Amino acid sequence: MAPTATPTHQEPLKDNSIFHKQGADPANLAVGGASGRNTVPRIAQFASKEDEQRYHKEHLAAAFRVFAANGFDEGVSGHMSLRDPINPRTFWINPYTMHFADITVSDLVLVTEDATVLQGTHSVNAAGFAIHSEIHQAHPWINAVCHAHSTAGKAYSAFGRPLPPLMQDALKFYGAKQSILREYGGPVLSTDEGKAIAGVITADTNVVILKNHGLLSVGTTIDEAAYWFCAFDRCCQAQLMIDAVGNERPEEVEEEIARESVRVLGQRQRGWLHFQPYYNNMVKKTGGEFLL
């Protein structure tokens, strides 16, 4: 379930590259490091599947707290799931009717592909199950899925159009990194919606725009998926501000630069890395309360 650190530079470094400096770490876009030590966090190597399971559940619980802190809660709407590393045909999801800000590791619910609860004492959101189960079944590489009714995300989704390359952060989602489900069929009452979303996801997808509904993100880890959601929602907010100006056409980033930028900024390992400050900050702010 762990992302790998794919080097961002396949070609020889140019003479003026910053990665000629001391402590260069091109894969993580870092240089320096006290006493020559590389302090960039890396995902743990697990001694057992149980250890791996615990690690990812802790990060899933943290992701709910981060979403709550960003105002992504909307009553009982919204859900995140994590494929179980011990039994990959099952997944962990949030308990129904529990606020994101209250969820702990022990509250998480483990369900099968037919919604049988294996661990946990709560029901789960039917729409969430319908969406997440179909995505996990259709795409074995996807270990985490996030969906919430964020304000900027649902506002931007009404246009049913891709996010244009107008700012650096948007380049994380350039081209195939974002997919669009262009048909809205109302509230999710069947598995058809999950199948439809799974059908527009490719091996490159980081985020799906659900027209007239909101956003959904995917990843190889919950860290990655949660970060893509947060980053894309902020881009939606910025894009809506740009659109509101109305009297001047903004300039898009040149295609060649956008293609090179997404190759660096849109890597799955980068998504995982971006989430680590959120996780560490949440541990500090809560005293680790969500780990219980």
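You'll find the structure just up there.
So, here's what we can say about the structure. None of these values were measured; they are calculated from a predicted model. (Residues numbered from 1 in each chain as written. Predicted model: local features only at pLDDT ≥ 70, side-chain atom pairs only at ≥ 80, totals over all residues. Heavy atoms only, no water.)

### Remarks on helix α2 (residues 126-138)
Taking 1.5 Å per residue, 13 residues should reach 18 Å; α2 reaches 18 Å between its end C-alpha atoms and fits that length. The buried fraction of α2 amounts to 10 of the 13 residues, a majority that puts the element mostly inside the structure. Residues of α2 that are buried include every one of Ala127, Gly128, Phe129, Ala130, Ile131, His132, Ser133, Glu134, Ile135 and His136, and no others. Residues of α2 that are buried make contact with β1 (79-83), β2 (91-93), β3 (109-111), β5 (144-148), α4 (192-200) and β8 (214-219). Two or three places before alanine 127, at the start of α2, stands the capping residue asparagine 125, its side-chain oxygen 2.9 Å from that residue's backbone nitrogen. (Helix = DSSP H or I, 4+ residues; strand = E, 2+ residues; numbered from the N terminus. Expected span 1.5 Å × (residues − 1). Buried < 20%, exposed > 50% of the residue type's maximum accessible area, 1.4 Å probe, protein only. Contact = heavy atoms within 4.5 Å. Polar contact = N/O pair within 3.5 Å; in protein donor to acceptor, adjacent residues only side chain to side chain.)

### Here's the deal with unusual backbone geometry
Although it is not a glycine, threonine 97 sits at a positive phi angle of roughly 75°. Summarising the element assignment, threonine 97 is placed in the loop between β2 and β3.

### Looking at the layout of surface pockets
Of the pockets and cavities examined, the second largest pocket occupies roughly 240 Å³. Among the elements that make up the lining of the second largest pocket, the one with the highest residue count is α2 (3 residues). By residue class, the composition of the lining of the second largest pocket is 8 nonpolar, 9 polar and no charged. (1 Å grid on protein atoms, 1.4 Å probe; cavity = no way out; pocket = protein on both sides within 12 Å on 5 of 7 lines; lining within 4 Å. Points joined across faces, edges and corners; volume = space filled by probe spheres on them. Nonpolar A, V, L, I, M, F, W, Y, C, P; charged D, E, K, R; others polar.)

### A look at the state of the cysteines
Throughout the structure, instances matching the rule amount to 0 disulfides. The cysteine cysteine 146 is free of any disulfide, with cysteine 230 supplying the nearest cysteine sulfur at 8.1 Å. With no disulfide of its own, cysteine 236 lies 7.2 Å from the sulfur of cysteine 235, the closest cysteine sulfur. (Disulfide = S-S within 2.5 Å.)

The quantities given are spatial measurements derived from coordinates; they are silent on function.
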